[in-house]
Amino acid sequence: MKALTTAAALALMCAVPIGGASAQTVCKGRAEMVTWLLSAAQGRQQQQVFGLNGAGAVLELYSNGAGRWTAVASMPNGRSCVVDSGEGLTVLKPVIFGEPA
């Protein structure tokens, strides 16, 4: 049930327009999405972090080091959709949990 809920949430996020009702959702094949994010028009964003959910989708965060960021959901079928984007990304120092090795 949790995997179904997660998949439904990702599908809904990919269907919701970014930036209001008049904006269009950006979806592309993953390779095309990465090329688009690396373009000068998109601020030459590179992947910073990613995580895999139980349904096999990957949530990726791209940024350009100057604060511009884009969150992308990449589905197992190869389709990637922009979930959200913005400015002012701040990267925190990683927190280490547990005993040192």
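Preceding this section is the structure that the text describes.
Overview of the structure. (Residues numbered from 1 in each chain as written. Predicted model: local features only at pLDDT ≥ 70, side-chain atom pairs only at ≥ 80, totals over all residues. Heavy atoms only, no water.)

1. Describing the sheet that holds strand 1 (residues 27–29)
Strands belonging to one sheet form pairs held by backbone hydrogen bonds; the direction of such a pair is parallel or antiparallel.
Line of reasoning, step 1. Spatially, 5 strands are ordered 1-5-4-3-2 in an open sheet, and the strand pairing comes out antiparallel. Every other strand in the sheet has two partners, leaving strand 1 and strand 2 (46–52) as the edge strands with one partner each. Across the sheet, the mean angle from the axis of one strand to that of its neighbour is 30 degrees, orientation sign disregarded.
Line of reasoning, step 2. Of the pairings in the sheet, the one linking strand 1 to strand 5 (residues 79–86) comprises 3 bridges and is antiparallel in character. (Pairing = 2+ DSSP bridges. Helix = DSSP H or I, 4+ residues; strand = E, 2+ residues; numbered from the N terminus. Axes fitted to C-alpha atoms, helices over the stretch in contact; angles between N-to-C directions.)

2. Things to note about the state of the cysteines
Line of reasoning, step 1. The final tally for this structure, using the stated rule, is 1 disulfide.
Line of reasoning, step 2. Between C27 and C81 runs a disulfide, and the two sulfur atoms are separated by 2.1 Å. In this structure the cystine formed by C27 and C81 twists about its S-S bond by roughly 110 degrees; its chirality is therefore right-handed. Residue C27 is located in strand 1, and its partner C81 is located in strand 5; the two are separated by 54 residues in the primary sequence.
Line of reasoning, step 3. Residue classification places C81 among the buried residues on the basis of a relative accessible area of 3%. (Disulfide = S-S within 2.5 Å. Buried < 20%, exposed > 50% of the residue type's maximum accessible area, 1.4 Å probe, protein only.)

3. Quick word on the pairing of strand 2
Successive side chains on a regular strand alternate, one facing one side of the sheet and the next facing the other.
Line of reasoning, step 1. Of the pairings in the sheet, the one linking strand 2 to strand 3 (residues 58–63) comprises 6 bridges and is antiparallel in character. Looking at the pairing, F50 lines up with E60 of strand 3.
Line of reasoning, step 2. The turn joining strand 2 and strand 3, which pair antiparallel and follow one another in sequence, is formed by 5 residues; a positive phi near 90 degrees is taken by G56.

4. Concerning the side chain of N53
Line of reasoning, step 1. Considering the arrangement of structural elements, one finds N53 in the loop between strand 2 and strand 3.
Line of reasoning, step 2. Within the structure, N53 has its side chain in polar contact with the backbone nitrogen of G56 (distance 3.0 Å). (Polar contact = N/O pair within 3.5 Å; in protein donor to acceptor, adjacent residues only side chain to side chain.)

5. Considering the pattern of salt bridges
Opposite charge on two side chains permits pairing when their charged atoms draw close.
Line of reasoning, step 1. Under the defined criterion, the tally for this structure stands at 2 salt bridges.
Line of reasoning, step 2. Close ionic contact of R30 with E60 constitutes a salt bridge, the shortest N to O distance being 2.5 Å. Taken as a pair, R30 in helix 2 (residues 30–38) and E60 in strand 3 lie far apart in primary sequence, 30 residues in all.
Line of reasoning, step 3. Accessibility expressed as a relative area gives 35% for R30, which makes it partly exposed. (Salt bridge = Lys/Arg side-chain N within 4 Å of Asp/Glu carboxyl O.)

6. Here we look at the environment of T25
Line of reasoning, step 1. For T25, the location among the structural elements is in the loop between helix 1 (2–15) and strand 1.
Line of reasoning, step 2. The class of T25 is partly exposed, set by a relative accessible area of 26%.
Line of reasoning, step 3. As for T25 and D84, which are separated by 59 residues in sequence, their C-alpha atoms are 9.4 Å apart.

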